[in-house]
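So you can see what is in the structure, the chains are spelled out below.
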Amino acid sequence: RLHPASRSRPAWGIPAGRRGAGSSRPGAGDRASLSDLLQSSVEAEEPGAAAARRERRCPREGTVLLFPGQGSQFVGMCRGLQQYPGVRDMYRLAEKVLGYDLLSLCLEGPRDALDRTQHCQPAVFVASLAAVEKLNHLQPEVVERCVAAAGYSVGEFAALVFAGALDFAEALYAVKVRAEAMQKASEAVPSGMLSVVGRREANYKFACLEARKHCESLGIENPVCTVSNYLFPDSRVIAGHLQALEFLQENARKYYFKRTKMLPVSGAFHTRLMEPAVEPLAEVLKSIEIQKPLFCVYSNVDGKKYMHSKHIQKLLVKQVVSPVLWEQTMHSVYERKQGTEFPYTYEVGPGNQLGAILKQCNLKAWKQYKHVDALEDEEAAET
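All residue numbers refer to position in the chain's written sequence, counted from 1. Per-residue local features are limited, in this predicted model, to residues with pLDDT of at least 70; the limit for side-chain atom pairs, both in listing and counting, is 80 or more; totals at the level of whole chains, interfaces and linings are taken over all residues. Note that water and hydrogens are dropped before the side-chain values are worked out from all heavy atoms of the structure.

Under an unreviewed UniProt entry, the name given to the chain is Malonyl-CoA-acyl carrier protein transacylase, mitochondrial, and the organism recorded is Catharus ustulatus. A UniProt comment under Catalytic activity (unreviewed entry) is attached to the chain, and it reads "holo-[ACP] + malonyl-CoA = malonyl-[ACP] + CoA". According to the UniProt record, the Subcellular location (unreviewed entry) comment for the chain reads "Mitochondrion". UniProt positions are given in the numbering used here, feature names are shortened, and annotations may be inferred rather than shown by experiment.

J.: Kindly report on unusual backbone geometry, identifying the contributing residues and their values.
T.: A cis geometry characterises the amide bond from Gly109 onward to Pro110, with omega recorded as 10°. Only DSSP runs of H or I reaching four residues or more are called helices, and only runs of E reaching two or more are called strands; each is numbered from the N terminus. As for its placement among the helices and strands, Pro110 is situated in the loop between α4 (102-108) and α5 (111-114). Here the phi dihedral of Cys78 falls at roughly 80°; this positive angle occurs in a residue that is not glycine. Here Cys78 lies in the loop between β1 (63-67) and α3 (87-98). Three exposure classes are used, based on accessible area relative to the maximum for each residue type with a 1.4 Å probe and protein chains only: buried under 20%, partly exposed in between, and exposed over 50%. The class for Cys78 is buried, based on a relative accessible area of 1%.

J.: Could you give me a rundown of the sheet that holds strand β9 (residues 344-348), with the residues and numbers involved?
T.: By this definition, two strands are paired if DSSP reports at least two bridges between them. Pairing within the open sheet is parallel, and its five strands lie in the order β7-β2-β1-β9-β10. Each end of this open sheet is capped by a strand with a single partner; those strands are β7 (296-298) and β10 (369-372). Taken over all neighbouring pairs, the strand axes of this sheet differ in orientation by 20° on average, direction set aside. Pairing of β9 with β10, which is carried by four bridges, proceeds in the parallel orientation. Residue pairing in the sheet places Thr345 in a bridge with Tyr369 of β10. By definition in these notes, contact holds between two residues if any of their heavy atoms fall within 4.5 Å. Angular values range over 0 to 180 degrees, each being the angle between N-to-C directions of two axes fitted as lines to C-alpha atoms, with helices fitted over their stretch in contact. Contacting β1, β9 and β10, helix α15 (residues 353-361) crosses the sheet at an angle of about 145° to β9.

J.: Outline the packing of α3 against helix α9 (residues 168-188), listing residues and values.
T.: The description of two helices packed together rests on the angle between their axes and the distance between the axes. The N-to-C vectors of α3 and α9 enclose an angle of 45°; their axes lie 10 Å apart at closest approach. With respect to α9, the element α3 is oriented oblique. Judged by the twist between their axes, the crossing of α3 over α9 is right-handed. For the pair α3 and α9, the contacting residues are Met90, Leu93, Ala94, Val97 and Leu98 in the first and Phe168, Ala169, Leu172, Tyr173 and Lys176 in the second. Across the contact of α3 with α9, the residue classes break down as nine nonpolar, no polar and one charged. Working rule for angles: under 35 degrees goes down as roughly parallel, over 145 as roughly antiparallel, 65 to 115 as roughly perpendicular, anything else as oblique. Note on convention: the crossing is left-handed when the near helix lies turned anticlockwise from the far helix by less than a right angle, right-handed when the turn is clockwise. Residue type decides the class: Asp, Glu, Lys and Arg count as charged, Ala, Val, Leu, Ile, Met, Phe, Trp, Tyr, Cys and Pro as nonpolar, and the leftover types, Gly among them, as polar.

J.: Explain the side chain of Ser228 to me, and be specific about the residues and the numbers.
T.: Mapped onto the elements of the fold, Ser228 is located in strand β4 (residues 225-232). Under this definition, polar contacts are N or O atom pairs within 3.5 Å; protein pairs additionally need one hydrogen-donor-capable and one acceptor-capable atom, and for neighbouring residues in sequence, both atoms have to be side-chain atoms. Here Asn229 takes part through its side chain, which lies 2.7 Å from a polar atom of the side chain of Ser228. In contact with Ser228, other than residues within four places in its own chain, are Met193, Val237, Ile238, Ala239, Phe269, His270, Thr271, Pro323 and Val324.

J.: Please set out the environment of Lys176 residue by residue, giving values where relevant.
T.: Tracing the backbone through its elements, the reader meets Lys176 in helix α9. Exposure remark for Lys176: the relative accessible area of 14% places this residue in the buried category. Sequence separation between Lys176 and Thr117 is 59 residues; the distance between their C-alpha atoms is 9.7 Å. Discounting residues that sit within four places of it in the chain, Lys176 has contacts with Val97, Leu98 and Pro122.

J.: Tell me what's going on with the environment of Val297, and back it up with residues and numbers.
T.: Along the chain, Val297 falls in strand β7. Spatially, the C-alpha atom of Val297 lies 10.0 Å from that of Leu66, the residues being 231 residues apart in sequence. Excluding anything up to four places from it in sequence, Val297 contacts Ala149, Ala159, Leu160, Ala163, Lys304, Lys305 and Tyr306.

J.: So what about the pattern of salt bridges? Which residues, and what values?
T.: Here, a salt bridge means any side-chain nitrogen of Lys or Arg that lies within 4 Å of a carboxyl oxygen of Asp or Glu. Taken as a whole, this structure holds seven salt bridges when the rule is applied. Residues Glu210 and Lys254 are paired through a salt bridge, measuring 3.0 Å at the closest nitrogen-oxygen approach. Of the two residues, Glu210 is situated in helix α10 (residues 204-217) and Lys254 in the loop between α11 (242-250) and β6 (257-262); the sequence distance between them amounts to 44 residues. Residue class for Lys254 comes out partly exposed when judged on its relative accessible area of 49%. Lys286 serves as the salt-bridge partner of Glu283, at 3.4 Å between the closest nitrogen and oxygen. Here Glu283 pairs with Lys286, and both are found in helix α12 (residues 278-286), just three residues apart, close to one helical turn. Overall, Glu283 belongs to the partly exposed group, its relative accessible area being 41%. Look at Lys286 and you get exposed, because its relative accessible area is 55%.

J.: Outline helix α13 (residues 309-318), listing residues and values.
T.: Because the α-helix completes a turn every 3.6 residues, residues three or four places apart line up on one side. All buried positions along α13 are accounted for by His311, Ile312, Gln313, Leu315, Leu316 and Val317. For α13, the elements touching its buried residues are α8 (155-162) and α12.

J.: Report on the pairing of strand β5 (residues 235-241), specifying residues and quantitative values.
T.: Note on strand geometry: in a regular strand, side chains alternate between the two faces of the sheet. Of all seven residues in β5, seven are buried; the element is thus mostly enclosed. When strand β3 (residues 191-198) meets β5, the two strands line up antiparallel, connected through seven bridges. Residue pairing for β5: Val197 is matched across the bridge by Ser235. Relative to β5, β4 runs antiparallel, the two sharing six bridges. Of the residues in β5, the one forming a bridge with Asn229 is Val237. Hairpin connection, β4 to β5: the antiparallel pair is bridged by two residues, and Asp234 has positive phi, about 70°.

See below:
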């Protein structure tokens, strides 16, 4: 268990052992083993010292960490990361919480198993925090100077663990429940997600409305077709019934869509088709301790900073059925007075999609971007 004083700074290792002894979740209640597994690498610091130091810091000296979401996973991720302190312990604990060998699945696949929602969400969550361990080992000052974090969809859970708001094991269990519930919801209705790059005159709401009318003409009751992800200017993800998405692809020119591509996911995430996943996640989040983040963490739901623990609990549930406002979040994170320098940004985890999106949202901020991969390499970060 972390000494309370060590929570006055961005704690890395992972805060562990805040769990109540009465919990029945996998790996729960075992305070001693959690503390043994995940020893903090942070020494105690006088309360308020980190905050005072951060206030004196100029913008360029602060760092921002971005955590990727589902779809960034690949077989072989985390190869070589076990050499860094805490990573093996993370995967050992993950196996206890999940009930299967996550590390083997990440390293060896098979790919179709790793890509299943119930597996890839925990996989990306742990891989991203393993990448933070790598960054902390090679460039500890980057972790120490973090002033803000954001995570894409499931990446938000990793960002909140990094910020000290959630316990690693408890957050992983919540991710497990979330992923399994979303998998089950996606199997109930033939649905999916369509990535769209549109021209400036594209009207996404009108296109979705006509796609829903098309579904109604096919006899589908109460069809779903809506923007589920705002990526960058002129780029959206539309999710809903498969028949609606097929209609949009067939009529792409009519709606001024330059490019469309079906995403390799099993359901219409971040729409009301995920409503069956709301209650299971809400129940888990009610039962775990959530603390105020040690620095700014931004929500996908409204693109704004989390304010307190109840706010986190409420919005993490709402996020499952709400569009991911990533473009709006990037504007919030990097909003500053003209002439103010941009912070260094690090994407931690598999893939570099968030960096590509940042380049489209804010070119000046992207020029300070680096990627910390979930693979073994010589450098702490690579452009």
